[in-house]
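A closer look at the structure
Spelled out, the chains give:
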Amino acid sequence: MILGLQIIAIIFALLMIYFAVLNRKRGEIDKTEIISWVIIWTITIFVVIFPDLLRTYANNFLITRLFDLMVVGGFILVIAMVSRVYLSTKKMEKKIEDYVRKDSLNDVKKNNK
Amino acid sequence: MKIFIVIPAYREESRIGAVIKDVLKSQYPIIVVDDGSKDDTFKVANKYEITALRHKVNLGKGAAMKTGAEAAFKMGADAVVFMDSDGQHKVKDLPNFIDALEKDKFDVVFGSRNLSHGVPFVRYIGNKIASILISILFGIYVSDLLCGYRGLSKKGYRKTRWESRGYGVETEMTARTAIYGLKHCEVPVETVYYDEVKGVTILDAINILFDVLRWRIRL
């Protein structure tokens, strides 16, 4: 593992823990979410410092370099998260649309009375 | 037959007054849906003897049309005619829609502009490609797929009740017309292009393309 890259990854993970704590303080995420995020980023820091922990998995998936395993894992994670965000955004948009339209149609009822 | 005119409007404070005045001459009840404009569109529309509704946030043309249509049918309409709020659609073409809905009992009436005159070339090509694509995928050919001047009977609305919030509404309406085998026709309309910035952009067109494929699979 390249040392510079490890440092950047650790700083990034620490920053993400900080943001998670900040979001918790603002009440934007609940207890379970903050715990999950802190665990996820702590594991990430661990893996970055001790990449050999992943050696067995890399061998199982026939991936020669640990870095490649991390990149593939990262991609899978990002795709999963983007899909989740996409779906929740769609749901939210639908809710907003229904609310705004219903509110607007209430004026028709009022005008008709 | 009770027919309502539905005008979805967004940021049209300068033109909506003239459009309403013009449409009022037709004697048909009018519903204007201000789609969350930040300007005085709603205020201007509210000055007239019409039903003015307002979306608190901007949802898109499709959503405004749906609100307008639902309001009209709640108020006892048997059919609705949609017109754009920028004055590009002429009231003198309204009888064509009324006749098609009332006398000929069509469920969906598509307005068709003469695309070879006065329409920007890129829009002309885009419109034609879209018409051909819809014709291949859904088996319905509408010569001016993106024209917002349209008429819908109550049954037509119930069947074509669209999900599109934005500019995909006309295309979705056409696709649903084909899928549910609704009685439809085209009537010629005159159109003047006022605004080059508004309307369907390249980005909208790409989104619509993806939606078309999605509708083909889902509907």
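Residues numbered from 1 in each chain as written. Chains lettered and ligands numbered in written order. Predicted model: local features only at pLDDT ≥ 70, side-chain atom pairs only at ≥ 80, totals over all residues. Heavy atoms only, no water.

Structural notes on helix α8 (residues 202-218) of chain B
All names here are of chain B.
- With 17 residues, α8 ought to run about 24 Å at 1.5 Å a step, and its terminal C-alpha atoms sit 24 Å apart, in line with that.
- Every buried residue of α8 is accounted for by I208, V212 and W215. The arc enclosing the buried residues of α8, seen along the axis, measures out at 70°, which places them on a common side. Exposed residues on α8 whose side chains face more than 90 degrees from its buried face are I202, L203, F210 and I217.
- Where the residues of α8 are buried, they touch α5 (121-138) and α7 (169-179). (Helix = DSSP H or I, 4+ residues; strand = E, 2+ residues; numbered from the N terminus. Expected span 1.5 Å × (residues − 1). Buried < 20%, exposed > 50% of the residue type's maximum accessible area, 1.4 Å probe, protein only. Arc of directions from axis to C-beta. Contact = heavy atoms within 4.5 Å.)

Side note on the sheet that holds strand β4 (residues 79-82) of chain B
All names here are of chain B.
- Across the sheet, which stays open at both edges, the seven strands sit in the order β3-β2-β1-β4-β6-β5-β7 with mixed pairing between neighbours. The two strands at the open ends of the sheet, each matched to only one other strand, are β3 (51-55) and β7 (184-189). Each neighbouring strand pair of the sheet contributes to a mean axis angle of 20°, computed without reference to strand direction. (Pairing = 2+ DSSP bridges. Axes fitted to C-alpha atoms, helices over the stretch in contact; angles between N-to-C directions.)

Here's the deal with the side chain of S104 of chain A
- Assignment of secondary structure puts S104 of chain A in helix α4 (residues 66-112).
- The residues contacting S104 of chain A, other than those within four sequence positions of it, are L53, R54, H55 and T67 of chain B.

A word on the packing of aromatic side chains
- Throughout the structure, instances matching the rule amount to eight aromatic pairs over all chains.
- When the centroid spacing of 5.6 Å and the interplanar angle of 55° are considered together, the rings of F46 of chain A and F50 of chain A count as tilted.
- On the basis of relative accessible area, F46 of chain A is assigned to the partly exposed category, the value being 48%.
- Of the residues examined, F50 of chain A reaches a relative accessible area of 46% and is grouped as partly exposed.
- Linked through ring pairs, F73, F82, Y157 and W162 of chain B together constitute an aromatic cluster.
- Residue placement shows K183 of chain B over the ring face of F106 of chain B; its charged tip is 4.8 Å from the ring centre. (Phe/Tyr/Trp six-rings, centres within 6.5 Å; stacked < 30°, edge-to-face > 60°. Lys NZ or Arg CZ within 6 Å of the ring centre and 35° of its normal.)

Describing the environment of V187 of chain B
Residues and elements named next belong to chain B.
- Examined against the element boundaries, V187 turns out to sit in strand β7.
- It is 17 Å that separates the C-alpha atoms of V187 and T171, two residues lying 16 residues apart in sequence.
- Apart from residues no more than four positions distant in its own chain, V187 is found in contact with N96, F97, V109, F110, G111 and S112.

Some points on the interface of chain B and chain A
- Every contact between the two is made by 16 residues of chain B and, on the other side, 14 residues of chain A.
- Both faces combined, the contact of chain B with chain A buries some 1400 Å², and carbon together with sulfur accounts for 54% of it.
- Taken together, the links from chain B to chain A amount to five salt bridges.
- Taking the shortest distance from any N to any O, the salt bridge between E93 of chain A and R165 of chain B comes out at 2.6 Å.
- Summed over the shared surface of chain B and chain A, the number is six residue pairs in polar contact (both at pLDDT 80 or more).
- Counting only elements with at least two residues in the side of chain B that touches chain A, the list comes to β3 and α3 (61-74) of chain B.
- In terms of residue count, α3 of chain B provides more of the side of chain B that touches chain A than any other element does, six residues in total. (Buried area = accessible area lost by both parts, 1.4 Å probe. Salt bridge = Lys/Arg side-chain N within 4 Å of Asp/Glu carboxyl O. Polar contact = N/O pair within 3.5 Å; in protein donor to acceptor, adjacent residues only side chain to side chain.)

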